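# Residue-level structure breakdown
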Amino acid sequence: MSDKFDVIVIGAGPAGYVAAIRAAQLGLKTACVDAFVGKDGKQALGGTCLNVGCIPSKALLDSSKQFFNLSHNLPAHGISVENAKVDMGTFIGRKDKIVKQFTGGIGQLFKANKVTAFFGKGKLLKDNNVEITGNDGSKQTISATNVILASGSVPIELPFAKFDGKNIIDNAGALDINEVPKRLGVIGAGVIGLELGSVWNRLGSQVTILEALPDFLSVADADVAKIAAKEFAKQGLTIKLGAKLTKAEVKKNEVALTYEDKDGAHELTVDKLLVAVGRRAYTDGLLAGDTGVKVDERGRIVVDEHNHTGVDGVWAIGDAVRGPMLAHKGSEEGVAVAEWIAGKAGHVNLDTVPWVIYTEPEIAWAGKTEKELKDAGIPYKIGTFPFAAIGRAVAMNEAIGQVKVIAHAETDRLLGVHMVGPGVSELIAEAVVAMEFKGSAEDLARIVHAHPTLSEAVHEAALSVDKRAIHKGN
Ligand code: FAD
Ligand code: AMP
């Protein structure tokens, strides 16, 4: 086999593996280099998302939701279960099995599409050569006309709360706790902190989340954040805002925390501390000094709107570049870059990338928040509809939250759709399609929605933009 490829992808996360498969589909001779080592010590394709991110977190969220529902939802249906308990071996083992199924699946997809997988750390050298260093230290060099950098991201470490894998943990650690901690501290009320904090809260941990910013979930629309905060409090999650962690000391299997808020310094002792203060683009050891590829002040690889680095034949995608750190954003960039390389017209619209937070209630949005529109001086109108008036949601005993549709005040074009409530991770897809097709609130309002379904909340919220919702006062 020749070591010259049309395309080499470095990184097999959702950005890289999708780019490799699409490039191979387009007839390009493709290799993908990845260094991730699975729990069994073998190569595990799929990156952060499949191994220690999206998939395992959803597995644990779903298991913990089933357990939580036993005491918090089923009694309302007249169903009671005595002495429910969780077998932690099965709980974590189920997650591991799902991870293995999907990481193994990528290997099979590579074989089916004739993508050559290399196991090791890839380094871009000059002239599109890639040096691969295996775990045993062995080195080989392969080359390609095009190299796609998809090296992803890693958790940000706080210098005064360094990960030890036991008491102070990152996302990977929080997905592998074998015993429910009595007290879990979480630093950062972002997507990861809220999701993983929810998992352990539902199993009985006393979870305290410290968030340095004064506003809760400021990336989301303020109305959505307000509703979610109220529900999280009801579930027993303690979220302290404007609370900045300044010190964490491990003492006899406990972690003594010091945090500061407007009232001064406070102490808190927990059994485990999850630090979820964000992720940084990972480019350690990725680039030889003379490649010409630039990184910005936040360590992200600099690319143009076509994900090109400005160096002939070198592209970058996913968490390693600007834009939201979301799996589907990286995957779409991967497809687009493969198509651009093959001389086709790729397309990624960062303005309609959906965001989802898989808490209970779920949170999902696409497009602009009300604040962003206000700040930009764009005139808008709003329609909302509560799940409390949706028959299906009430039947499910999950009638929490609302859908909010924001449209341009003059053109009626959809500018943002914000949801908090049951099943909104799925409902958001309709809004994304409508926005991608440059639809209006009127378009959503005229589409027939099945009854009784949760999607009627989207329909009614769109109607409510022009004050003609049927099942509420306007
Ligand atoms: P990654 O998935 O990070 O993959 C990069 C890969 O490249 C890794 O395997 C890494 O080992 C490898 N690599 C890096 N450098 C080299 C090198 N030099 N040589 C060889 N290999 C290298 N996103 C969502 O959209 N939905 C979710 O529900 C969601 N949940 C999440 C939950 C958690 C707990 C976390 C941590 C993240 C979650 N994310 C979610 C974010 C998502 O995981 C990332 O956006 C996504 O994985 C980014 O994909 P990527 O391919 O750019 O990078
Ligand atoms: P995200 O980037 O969405 O994962 O969110 C991470 C959150 O962690 C952000 O909202 C930060 O404000 C928060 N954060 C960062 N450093 C600290 C700290 N020292 N104490 C508390 N919260 C922090």
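Being a predicted model, the structure only gives us computed values, none of them experimental.

Criteria and cut-off values
- Residues numbered from 1 in each chain as written.
- Chains lettered and ligands numbered in written order.
- Predicted model: local features only at pLDDT ≥ 70, side-chain atom pairs only at ≥ 80, totals over all residues.
- Heavy atoms only, no water.
- UniProt positions renumbered as here; feature names shortened; annotations may be inferred.
- Helix = DSSP H or I, 4+ residues; strand = E, 2+ residues; numbered from the N terminus.
- Pairing = 2+ DSSP bridges.
- Axes fitted to C-alpha atoms, helices over the stretch in contact; angles between N-to-C directions.
- Contact = heavy atoms within 4.5 Å.
- Near = heavy atom within 4 Å.
- Polar contact = N/O pair within 3.5 Å; in protein donor to acceptor, adjacent residues only side chain to side chain.
- Areas by Shrake-Rupley, 256 points an atom, 1.4 Å probe, with all protein chains shown as cover.
- Nonpolar A, V, L, I, M, F, W, Y, C, P; charged D, E, K, R; others polar.
- Core = buried A, V, L, I, M, F, W, Y, C linked by side-chain atoms within 4.5 Å.
- Buried < 20%, exposed > 50% of the residue type's maximum accessible area, 1.4 Å probe, protein only.
- 1 Å grid on protein atoms, 1.4 Å probe; cavity = no way out; pocket = protein on both sides within 12 Å on 5 of 7 lines; lining within 4 Å.
- Points joined across faces, edges and corners; volume = space filled by probe spheres on them.
- Right-handed = clockwise from strand over helix to strand, strands pointing away.
- Parallel < 35°, antiparallel > 145°, perpendicular 65-115°, else oblique.
- Left-handed = near helix turned anticlockwise from the far one by under 90°.
- Disulfide = S-S within 2.5 Å.

### Digging into the UniProt feature "domain: FAD/NAD(P)-binding" (unreviewed entry) in the protein chain
The UniProt record annotates "domain: FAD/NAD(P)-binding" (unreviewed entry) at residues 5-334. As annotated, residues 5-334 has a helix share of 30% and a strand share of 27%, and its two end C-alpha atoms lie 17 Å apart.

### A look at the UniProt feature "domain: Pyridine nucleotide-disulphide oxidoreductase dimerisation" (unreviewed entry) in the protein chain
UniProt's feature table lists "domain: Pyridine nucleotide-disulphide oxidoreductase dimerisation" (unreviewed entry) at residues 353-462, given in the numbering used throughout. Between the end C-alpha atoms of residues 353-462 there is a gap of 20 Å, over a span that is 35% helix and 28% strand.

### Digging into the sheet that holds strand β22 (residues 414-421)
Ordered by their spatial adjacency, 5 strands build an open sheet running β18-β19-β22-β21-β20, and the pairing between neighbours is antiparallel. The sheet terminates laterally at β18 (355-357) and β20 (380-386), the two strands that pair on one side only. Averaged over all pairs of adjacent strands, the angle between their axes in this sheet comes to 10°, without regard to strand direction. Here 3 bridges tie β18 to strand β19 (residues 362-367), and the two strands are oriented antiparallel to one another. Bridge assignment links Ile357 to a residue of β19, and that residue is Ile363. Together, β18, β19 and β22 form the strand contacts of helix α11 (residues 424-436), whose direction differs from that of β22 by roughly 175°. The strands touched by helix α13 (residues 456-465) are β20, β21 (402-408) and β22; relative to β20, the strand with the most contacts, the crossing angle is about 140°.

### Remarks on the site of ligand 1
Around ligand 1, the surrounding shell holds 38 residues, and the nearest of these are Asp34, Thr48, Lys58, Gly122 and Ala327. In the environment of ligand 1, an oxygen atom lies 3.5 Å from a nitrogen or oxygen atom belonging to the backbone of Ser153. At 3.3 Å from an oxygen atom of ligand 1 is found a main-chain nitrogen or oxygen belonging to Leu326. The fraction of the free accessible surface of ligand 1 (1,000 Å²) that becomes covered by protein chains is 94%. Listing elements by their share of the shell around ligand 1, those giving two or more residues are β2 (30-34), α2 (47-52), α3 (54-72), β4 (121-124) and α8 (327-341). Ranked by residue count, the leading element in the shell around ligand 1 is α2, at 4 residues. Considered class by class, the residues forming the shell around ligand 1 number 18 nonpolar, 15 polar and 5 charged.

### Quick word on the nonpolar core
Judged by nonpolar contacts, the single largest core of 34 residues is most densely connected at Phe91, Trp200, Phe216, Leu217 and Ile363. Setting aside chain neighbours within four positions, we find Ile363 in contact with Leu217, Val224, Ala228, Phe232, Trp355, Val356, Ile357, Met419, Val420 and Val424. Counting 31 residues, the second-largest nonpolar core is a separate cluster that includes Val356, Phe387, Ile428 and Leu463.

### Thoughts on the layout of surface pockets
Empty space left among the atoms is revealed by rolling a probe the size of a water molecule over them. Space inside the second largest pocket adds up to approximately 820 Å³. As for the second largest pocket, its lining consists of 34 residues, of which Trp365, Gly367, Lys368, Thr369 and Glu372 are closest to the centre. Residue assignment for the lining of the second largest pocket shows that the elements contributing at least two residues are α7 (222-234), β19, α9 (370-376), β22 and α11. The element best represented in the lining of the second largest pocket is α9, accounting for 5 residues.

### Section: the site of ligand 2
Taken together, 14 residues surround ligand 2, and among them Gly188, Glu211, Ala212, Ala243 and Leu245 come closest. Between ligand 2 and the protein, one listed contact pairs an oxygen atom with a side-chain N or O atom of Glu211 at 2.6 Å. Between ligand 2 and Ala212 there is a distance of 3.0 Å, counted from a nitrogen atom to a backbone nitrogen or oxygen. Burial of ligand 2 by the protein chains amounts to 73% of its free accessible area of 510 Å². Going through the elements one at a time, β10 (206-211) and β12 (244-251) are the ones with two or more residues in the shell around ligand 2. Within the shell around ligand 2, the residues separate by chemical class into 9 nonpolar, 3 polar and 2 charged.

### Focus: the pairing of β10
For a regular strand, the rule is simple: side chains alternate between the two faces of the sheet. Of all 6 residues making up β10, 5 are buried, and the element is well covered by its neighbours. As a crossover connection, the stretch from strand β9 (residues 183-187) through helix α6 (residues 191-202) into β10 is right-handed. Relative to strand β11 (residues 238-241), β10 runs parallel, the two sharing 4 bridges. Across the sheet, Ile209 pairs through a bridge with Ile239, a residue of β11.

### Overview of the packing of helix α1 (residues 16-25) against helix α4 (residues 88-113)
Following both chains from N to C, one finds α1 and α4 inclined at 20°, their axes separated by 9 Å at the closest point. Comparing their axes, α4 and α1 come out roughly parallel. In terms of crossing hand, the pair formed by α1 and α4 is left-handed. Together, Tyr17, Ala20, Ile21, Ala24 and Gln25 of α1 and Ile106, Leu109, Phe110 and Asn113 of α4 make up the contact between the two elements. Of the residues contributing to the contact of α1 with α4, the split by class is 7 nonpolar, 2 polar and no charged.

### Describing the state of the cysteines
Taken as a whole and assessed by the stated rule, the structure comprises 1 disulfide. At a sulfur-sulfur separation of 2.3 Å, the disulfide partner of Cys49 is Cys54. Between Cys49 and Cys54, the S-S torsion sits near -130°, and that sign places the bridge as left-handed. Here Cys32 is not cross-linked by a disulfide; its sulfur's nearest cysteine counterpart is in Cys49, at 14 Å.

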